[in-house]
Amino acid sequence: MRMRRRGAADPALAIPLETPRLILRDFAARDFEAVHAFSSLDEVTRFLVWGPNTPLQTRQTIQAYLDDQKEKPRQNFDLAIVRKGEGRRGAGQRLIGGVGLKLCDGENLTGEVGYALHPDHWGQGYALEAAHMIVHAGFGDLGLQRIIATCDQRNKASARVMEKLGMRREGVFRQSKYIQGEWRDEFLYAILAAEFLR
Ligand SMILES: CC(C)(COP(=O)(O)OP(=O)(O)OC[C@H]1O[C@@H](n2cnc3c(N)ncnc32)[C@H](O)[C@@H]1OP(=O)(O)O)[C@@H](O)C(=O)NCCC(=O)NCCS
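For every chain, the first residue of the written sequence is number 1, and numbering continues from 1 onward in sequence order. Residues qualify for local features only when their pLDDT is at least 70, as the model is predicted, and side-chain atom pairs are given and counted only at 80 or more; totals for whole chains, interfaces and linings, by contrast, use all residues.

### Notes on the overall build of the protein chain
Part 1 of the reasoning: Strands here mean DSSP runs of E at least two residues long; helices mean DSSP runs of H or I at least four residues long; both are numbered from the N terminus. Within the protein chain, the regular secondary structure consists of 6 helices and 8 strands.
Part 2 of the reasoning: Summarising its shape, the C-alpha atoms of the protein chain cover approximately 45 × 40 × 30 Å along the three principal directions.
Part 3 of the reasoning: For the protein chain, buried positions account for 29% of its 198 residues.
Part 4 of the reasoning: Residue pairs are scored as contacts if the distance between their C-beta atoms, which are placed from the backbone, is within 7 Å. For the protein chain, long-range pairs separated by at least 24 residues make up 59% of all intrachain contacts whose partners lie at least 6 apart in sequence. Backbone-placed C-beta atoms define the burial measure: a residue is buried with 20 or more other C-beta atoms within 10 Å of its own, exposed with 12 or fewer, and partly exposed in between.

See below:
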């Protein structure tokens, strides 16, 4: 899928992205343990469309990320959230989760953001910091017009992150997903470039 209204170069995020406390970088095969540590947890995936992952599923997920990195133009930017180390040369850096931006409708310059963190690192503003950075880059580097996010209606933490990003709840899709034996209601949130950059 091609992006509309683009110059000659393919749009791309300037990875790694950096925030005061975090580095958002591409995943690598060596990240398996850190990724599996959170993606295999029921408390992390309870409201998600995937998981809890088996080791094989985590390996397949990372392989899909590696494949996405080679795509031209790239459509999916799933990035590792790495807490900056305090030591020299980044010693003590730690992968604490993932944040992603995917071009879900390139024709209409629309992306979708998502995030998940290991519970050891919840409640410290990391999700908001990471999501804010990738949304900023999505509007800036990718020139998006609109970024959306969805979450299970019961996922208060995720909805709060979206609201703190300045996203507006545009609707609720009732019983729109059948996951793990139950029908789930889903919120749709969105923010426009002009609102975010204001
Ligand atoms: C959603 C998630 C990423 C939030 O991560 P986090 O780093 O704890 O979030 P932050 O610390 O940046 O918090 C941002 C805001 O959400 C609020 N928040 C976080 N967890 C909350 C909870 N369980 N209930 C209500 N509000 C919550 C915070 O208090 C903060 O708002 P405040 O500044 O007004 O207090 C994390 O809970 C998670 O990984 N959940 C499992 C995966 C998931 O559901 N991902 C979303 C997919 S749609």
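### Side note on the site of the ligand
Part 1 of the reasoning: Near the ligand, the surroundings consist of 22 residues, among which Trp 122, Ala 127, Leu 128, Ala 157 and Arg 160 are the closest.
Part 2 of the reasoning: Only β5 (110-117), α4 (126-140) and α5 (156-164) provide two or more residues apiece to the shell around the ligand.
Part 3 of the reasoning: The element best represented in the shell around the ligand is α5, accounting for 6 residues. Note on definitions: a residue is near a molecule or strand provided its C-beta atom, placed from the backbone, lies within 6 Å of it.

### Some remarks on the packing of helix α1 (residues 32-39) against helix α3 (residues 55-70)
Part 1 of the reasoning: The axes used here are C-alpha line fits, helices contributing only the stretch in contact, and every angle between their N-to-C directions lies in the interval 0 to 180 degrees. The N-to-C vectors of α1 and α3 enclose an angle of 120°; their axes lie 10 Å apart at closest approach. Classified by the angle between their axes, α1 and α3 sit oblique to one another. Here α1 and α3 pass one another in a crossing that is right-handed. Across the interface between the two elements, Phe 32, Val 35, His 36 and Ser 39 from α1 touch Pro 55, Thr 58, Arg 59, Thr 61 and Ile 62 from α3.
Part 2 of the reasoning: Classifying every residue of the contact of α1 with α3 gives 4 nonpolar, 4 polar and 1 charged. Roughly parallel here means an angle under 35 degrees, roughly antiparallel means over 145, roughly perpendicular means 65 to 115, and every remaining angle is called oblique. What makes a crossing left-handed is the near helix being turned counterclockwise from the far one by less than a right angle; a clockwise turn instead makes it right-handed. Residues are grouped as follows: Ala, Val, Leu, Ile, Met, Phe, Trp, Tyr, Cys and Pro are nonpolar; Asp, Glu, Lys and Arg are charged; every other residue, Gly included, is polar.

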